[in-house]
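Residue strings, one per chain:
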Amino acid sequence: MLRTGFSRALGGAAVAVALTAAAAAPALAQETRPREPVIIVTGEGRSDAAPDMAIVDLGVVKDGKTAREALDANNAAMAAVMKALKEAGIAERDLQTSGFVISPQYQYPQGDGSENKPPVLVGFQVSNMLSVRIRDLARLGAILDQTVTLGANQSGGIRFTNDKPEAAISEARKKAVEDGIARARELTAAAGIELGKVLEISETSYRPQPVPMMRAAMAKDFAAEAVPVAAGETSYSVTVTMTFELKN
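Here the structure is a predicted model, which is why all the values come from computation and not from measurement.

About the cut-offs
Residues numbered from 1 in each chain as written. Predicted model: local features only at pLDDT ≥ 70, side-chain atom pairs only at ≥ 80, totals over all residues. Heavy atoms only, no water. Core = buried A, V, L, I, M, F, W, Y, C linked by side-chain atoms within 4.5 Å. Buried < 20%, exposed > 50% of the residue type's maximum accessible area, 1.4 Å probe, protein only. Contact = heavy atoms within 4.5 Å. Helix = DSSP H or I, 4+ residues; strand = E, 2+ residues; numbered from the N terminus. Expected span 1.5 Å × (residues − 1). Patch = residues over 30% accessible without salt bridge, like charges linked within 9 Å, V, L, I, M, F, W, Y side chains within 5 Å. Areas by Shrake-Rupley, 256 points an atom, 1.4 Å probe, with all protein chains shown as cover. Salt bridge = Lys/Arg side-chain N within 4 Å of Asp/Glu carboxyl O. Pairing = 2+ DSSP bridges. Axes fitted to C-alpha atoms, helices over the stretch in contact; angles between N-to-C directions. Parallel < 35°, antiparallel > 145°, perpendicular 65-115°, else oblique. Left-handed = near helix turned anticlockwise from the far one by under 90°. Nonpolar A, V, L, I, M, F, W, Y, C, P; charged D, E, K, R; others polar. pLDDT = per-residue confidence, 0-100. Arc of directions from axis to C-beta.

## Remarks on the nonpolar core
For step 1, the next point in the chain: Among the nonpolar cores identified, the biggest contains 21 residues, and Val81, Leu85, Ile90, Leu130, Val132, Ile134 and Leu140 are the most heavily contacted of them.
For step 2, the next point in the chain: With near-sequence residues (within four places) excluded, Ile90 lies in contact with Leu85, Leu95, Val132, Arg133, Ile134 and Ile143.

## Here's the deal with helix H4 (residues 166-191)
For step 1, the next point in the chain: Spanning 26 residues, H4 covers 38 Å between terminal C-alpha atoms, matching the ideal 38 Å at 1.5 Å per step.
For step 2, the next point in the chain: Buried within H4 are the following residues: Ala168, Ile169, Ala172, Ala176, Gly180, Ala184 and Thr188.
For step 3, the next point in the chain: Gly192 lies just past H4 and shows a positive phi near 70°.

## Thoughts on a nonpolar patch on the surface
For step 1, the next point in the chain: On the surface, a cluster of nonpolar side chains totalling about 370 Å² of accessible area is made up of Tyr106, Tyr108 and Leu121.
For step 2, the next point in the chain: Here Tyr108 is to be found in the loop between strand S3 (95-107) and strand S4 (120-134).
For step 3, the next point in the chain: Tyr108 gets classed as exposed once you look at its relative accessible area, which sits at 63%.

## Observations concerning the pairing of S4
For step 1, the next point in the chain: Looking at chain direction, strand S2 (residues 53-64) and S4 are connected through 11 bridges and run antiparallel. Counted as the bridge partner of Asp57 is Ser131 from S4.
For step 2, the next point in the chain: Bridging between S3 and S4 involves 12 bridges; their strand directions are antiparallel. Across the sheet, the residue bridging to Leu95 is Val132, located in S4.

## Quick notes on the packing of helix H2 (residues 67-87) against helix H3 (residues 140-150)
For step 1, the next point in the chain: Closest axis-to-axis distance for the H2/H3 pair is 9 Å, and the angle between their directions is 155°. Overall, the two elements H2 and H3 adopt an arrangement that is roughly antiparallel. For H2 against H3, the interelement crossing comes out right-handed. Here Ala77, Ala80, Val81, Ala84 and Leu85 of H2 come into contact with H3, specifically with Ile143, Gln146, Thr147 and Leu150.
For step 2, the next point in the chain: Taken together, the residues of the contact of H2 with H3 sort by class into 7 nonpolar, 2 polar and no charged.

## As for the side chain of Thr243
For step 1, the next point in the chain: Secondary-structure assignment places Thr243 in strand S7 (residues 233-247).
For step 2, the next point in the chain: Accessibility expressed as a relative area gives 13% for Thr243, which makes it buried.

## Considering the confidence of the model for the protein
For step 1, the next point in the chain: With 77% of its residues at a pLDDT of 70 or more, the protein has an overall mean of 82.
For step 2, the next point in the chain: Here residues 1-22 is modelled with pLDDT under 50, and outside its nearest four sequence neighbours on either side it reaches 0 contacts, counting other chains as well.
For step 3, the next point in the chain: Here residues 211-224 scores under 50 on pLDDT; set against residues more than four positions off or in separate chains, the count is 21 contacts.

## A look at the sheet that holds strand S5 (residues 154-161)
For step 1, the next point in the chain: Strand order in the open sheet formed by 4 strands is S3-S4-S2-S5, and the pairing between neighbours is antiparallel. Sheet topology places S3 and S5 at the edges, where each strand pairs with a single neighbour. Mean inter-strand twist for the sheet, computed between neighbouring axes without regard to direction, equals 15°.
For step 2, the next point in the chain: Of the strands in this sheet, S2, S3 and S4 are in contact with H2, which crosses S2 at around 150°.
For step 3, the next point in the chain: Seen against the sheet, H3 touches S2, S4 and S5 and runs at an angle of roughly 5° to S2.

## A look at H3
For step 1, the next point in the chain: Along H3, the residues that are buried comprise Leu140, Gly141, Ile143, Leu144 and Thr147. Looking straight down H3, one finds that the buried residues subtend no more than 165° of arc, so they occupy a single side.
For step 2, the next point in the chain: The secondary structure elements touched by the buried residues of H3 are S2, H2, S4 and S5.
For step 3, the next point in the chain: Positive phi shows up at Gly151, right after H3, with a value of about 130°.

Structure below.
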C-alpha cells in the first residue's frame, strides 16, 4: 500500500510538472520572440519671446529697540510703498506678501578669556517682503526708484516673464518635434535603414530660461532718472522623446 501511494503521488507530481512546463512554454516563446525594431530619439526646441511682465521681490527692513517699535516703523514704510504701487496702477491681484519675519538682534560681547559672556538683546528687526507683478515694463524703472524713495530697502530680485506664454511654448514644442524627426532620419540614413512611422511621442519638460539680450526699445523708454533695467528675452525650451518603427 505504501509503494502504491508513493507511486501515485510521484505520478501526480510528474503530471503537475508537465502541466507547468506546458503552461510556461507559450510565455517562454513570447519572451524569445524578436521584438519590433524601433529607434528612440530626443528632440529639442526653443522659442524666444520678449517679456511683457516683471515680477519684483522687494521688502522693507526696520530695526527698533522693541518688537513693537520695529513693527510700527516697518508697517508705516510698507504702507507707503503699497500705496505708491497702487497709485502707479498696480492692481490688488498683482500684490502679494511673500515673507514676514520678526527676529531679535543680539550683541556678543567678548569675554576675558576665562569664560564666554552671554549674548545681550539689543533690539528687534522686522522684515516684510512683497512680490509685485508689473505689467507695464516701460514704467518698471520709475516704480523701482519710487519704492526705494518711500522706504523699500531690500530686494529679492527681478524675474521677467510672459503673462500668456502658450504661443511661445507651442512654437518650441513644434521645433522639438521637427528636431526629433530630423535626428531620426539622419541616424537611419547613416545606418542604411528605412524610417517608419511614429509609434510614440512624449513631452518631457519645458522651462523658461533667461537670455541676456538687451531690448533697445525698452532701454530708451525709461526716464533718465529712473533705475536702468534691461528686460532681455525669455526662452522657452521643450524636450520630446519620440519612438519610430524601422522598416525591414
